[in-house]
Protein chains: 2
Amino acid sequence: MIEIRIAKSLGFCFGVKRAIGIAQEHKGSVTIGPLIHNNAEIRRLKADYDVDVTDEIEEIAGGQDAVIRTHGIEKDNKIYLQNKGVNLIDATCPFVTKPQNIVEQMSTEGYDVVIFGDSKHPEIKGVLSYGNERTFVVNGVEELQKLQLNQKVAIVSQTTRKPDDFSKLVDYLIRNYKEVRVFNTICNATFENQDAARDLAKEADIMIVIGGKHSSNTKQLLSICLQECEDSYLVENENDLEDAWFKGKQICGISAGASTPDWIIEKNVKKIQLIKT
Amino acid sequence: MIEIRIAKSLGFCFGVKRAIGIAQEHKGSVTIGPLIHNNAEIRRLKADYDVDVTDEIEEIAGGQDAVIRTHGIEKDNKIYLQNKGVNLIDATCPFVTKPQNIVEQMSTEGYDVVIFGDSKHPEIKGVLSYGNERTFVVNGVEELQKLQLNQKVAIVSQTTRKPDDFSKLVDYLIRNYKEVRVFNTICNATFENQDAARDLAKEADIMIVIGGKHSSNTKQLLSICLQECEDSYLVENENDLEDAWFKGKQICGISAGASTPDWIIEKNVKKIQLIKT
């Protein structure tokens, strides 16, 4: 039988696992936006826990249980729902609550606040909503250079940004402003999955990466694995596995994208254990 | 007659000019350490204003006027002199007072404080004395890596450090600690003299750099000028000027080290104006 090795870090991050746990504890609740970009998991939550999804906060009735997903929501929307009497259950990732709190505090203390991130991303819309008219979202150094800031500047980052890119913004700020308060709010989860996949691909003679075929983080994992192990394959579920891949292989490594639940990973592992090599 | 062009920035910085003005306003005072590394200037202050120099604070009597030079002094020494009844006149450069105040405030607020600088330099000894047992002096990234800091860190720099080197320390900190408060306390004076000398050397066909032959910043100016103008010369005073250098030259550029007073620069300019080209 082939030896299966699971990457030291794979699949859901801490914040997503926590949010799903919270949703399961609130049967019949509705989540504000999909909890995760994985339809199989959304269907499971509906089937087993009667957890629904809505994209329109206007549709949520007073008294209803509504789960705020890991990205958080905008402050105004939170207040609107609270005033409406919705029973809000906050599953905002603690790594996202932190920049929200920092932006609020720094704005109150009179700092100009820079948020490094994508202004269209729900996480960043939420974080920005805790600032004031002197809070700015930038996507890189060029956008930062256009801002006329006061001499006291604070900066936070979208949780999924690369430390190298964040560092470039900080470097620009410290050369141009007297005081810069840097809050490194980058979460390592994405990089941990990537590092673990790379390490494992070096040992394995076949790598299976489980995740959505259109998920950008899953495709990135596949690309990293292919650099170290030419027999690396992306599967959405166990039905995609082909026996021929495993002929003559000794060690199969397993990684999974950030939107892949453990139960899908387990189904793949069980199927691979049965394949004749 | 040769055309003389003076570098846009040369000689004394703002802080040194200010300190000499303060000393001159206090005839008969004593400075704590030499105000400046230029013996001719020290002799002039003694001859014209009866300003003496001492290196031993124990020798300063109660009631005496004592001038704190641009580097500042250690907090304990200041308190010692105040208790002794010495009339302290503070000529600490405002660009040095600033990191002193920052280190004191950040230490009080519970931050671990990193000072980028040379622990043996009087400026840094002074700045360090405003911290507590969680204040550390480092000379580079290697020393910084050895420290076990709390997650809240503040950093200041010796005024004469290079921004690129400061940036490396900040980069290390933001990748390893949650909150980093960066205070850019670097003073541009040194770089302004260097940039102005470089610009001028490009236009000149002879460059005269006035300063001590053993002064490191003067030698650096000469080296920069030589890159742009091969007829660049270092002189300590007007007696070092040689007529032969100026034969056939049209434009003479003038720069001066950070310890060169204006009156020495002027003596050189007058002498050069009389040289036949």
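In the block above lies the structure referred to throughout.
In what follows, the accompanying structure is described. Please read these numbers as outputs of a predicted model, since none were measured by experiment.

## Comments concerning the overall build of chain A
Piece 1. In terms of regular secondary structure, chain A is built from 10 helices and 12 strands.
Piece 2. In terms of principal-axis extent, the alpha carbons of chain A reach across some 65 × 50 × 25 Å.
Piece 3. Across the 277 residues that make up chain A, the buried fraction comes to 51%.
Piece 4. Taking contacts inside chain A between residues at least 6 apart in sequence as the whole, the part at least 24 apart equals 68%.
Piece 5. Carbon and sulfur atoms provide 46% of the accessible area of chain A, an area that totals close to 13,200 Å².

## Remarks on the environment of S119(A)
Residues and elements named next belong to chain A.
Piece 1. Relative to the helices and strands, S119 is located in the loop between β6 (112-116) and α5 (122-128).
Piece 2. Distance from S119 to F136, taken between C-alpha atoms, is 9.3 Å for residues 17 residues apart in sequence.
Piece 3. Residues contacting S119, with those up to four places away along its chain left out, are I124, K125 and V137.

## Section: the side chain of N193(B)
Residue and element names in this part refer to chain B.
Piece 1. By the element assignment, N193 lies in helix α8 (residues 189-203).
Piece 2. N193 sits in the buried class, given a relative accessible area of 7%.
Piece 3. For N193, the contacting residues outside a window of four places in its chain are S9, L10, G11, L221 and A256.

## Considerations on the relation of the copies chain A and chain B
Piece 1. Note on the identical chains: chain A maps onto chain B by a rotation of 179° and an axial translation of 0.0 Å, with an RMSD of 0.0 Å. Each copy turns onto its partner about a two-fold axis. Considering only C-alpha atoms, the residue of chain A closest to the rotation axis is R181(A), which sits at 2.2 Å.
Piece 2. A high fraction, 100%, of the interface residues of chain A reappear at the interface in chain B, so the copies pair face to face through one surface.

## A short note on the pattern of salt bridges
Residues and elements named next belong to chain B.
Piece 1. This structure, assessed with the given rule, holds 32 salt bridges over all chains.
Piece 2. K213 is the partner of D240 in a salt bridge, and the nearest nitrogen-oxygen pair spans 3.3 Å. Pair noted here: D240 is in the loop between β11 (232-235) and β12 (251-256) and K213 is in the loop between β10 (206-210) and α9 (216-228), with a separation of 27 residues, a long-range link.
Piece 3. When its relative accessible area of 24% is taken as the criterion, D240 is described as partly exposed.
Piece 4. Residue classification places K213 among the partly exposed positions, given a relative accessible area of 39%.
Piece 5. Here D231 and K249 are joined by a salt bridge, their closest N and O atoms 2.6 Å apart.

Rules of the game
Residues numbered from 1 in each chain as written. Chains lettered and ligands numbered in written order. Predicted model: local features only at pLDDT ≥ 70, side-chain atom pairs only at ≥ 80, totals over all residues. Heavy atoms only, no water. Helix = DSSP H or I, 4+ residues; strand = E, 2+ residues; numbered from the N terminus. Buried < 20%, exposed > 50% of the residue type's maximum accessible area, 1.4 Å probe, protein only. Contact = heavy atoms within 4.5 Å. Areas by Shrake-Rupley, 256 points an atom, 1.4 Å probe, with all protein chains shown as cover. Least-squares fit on C-alpha atoms with pLDDT ≥ 70 in both. Salt bridge = Lys/Arg side-chain N within 4 Å of Asp/Glu carboxyl O.

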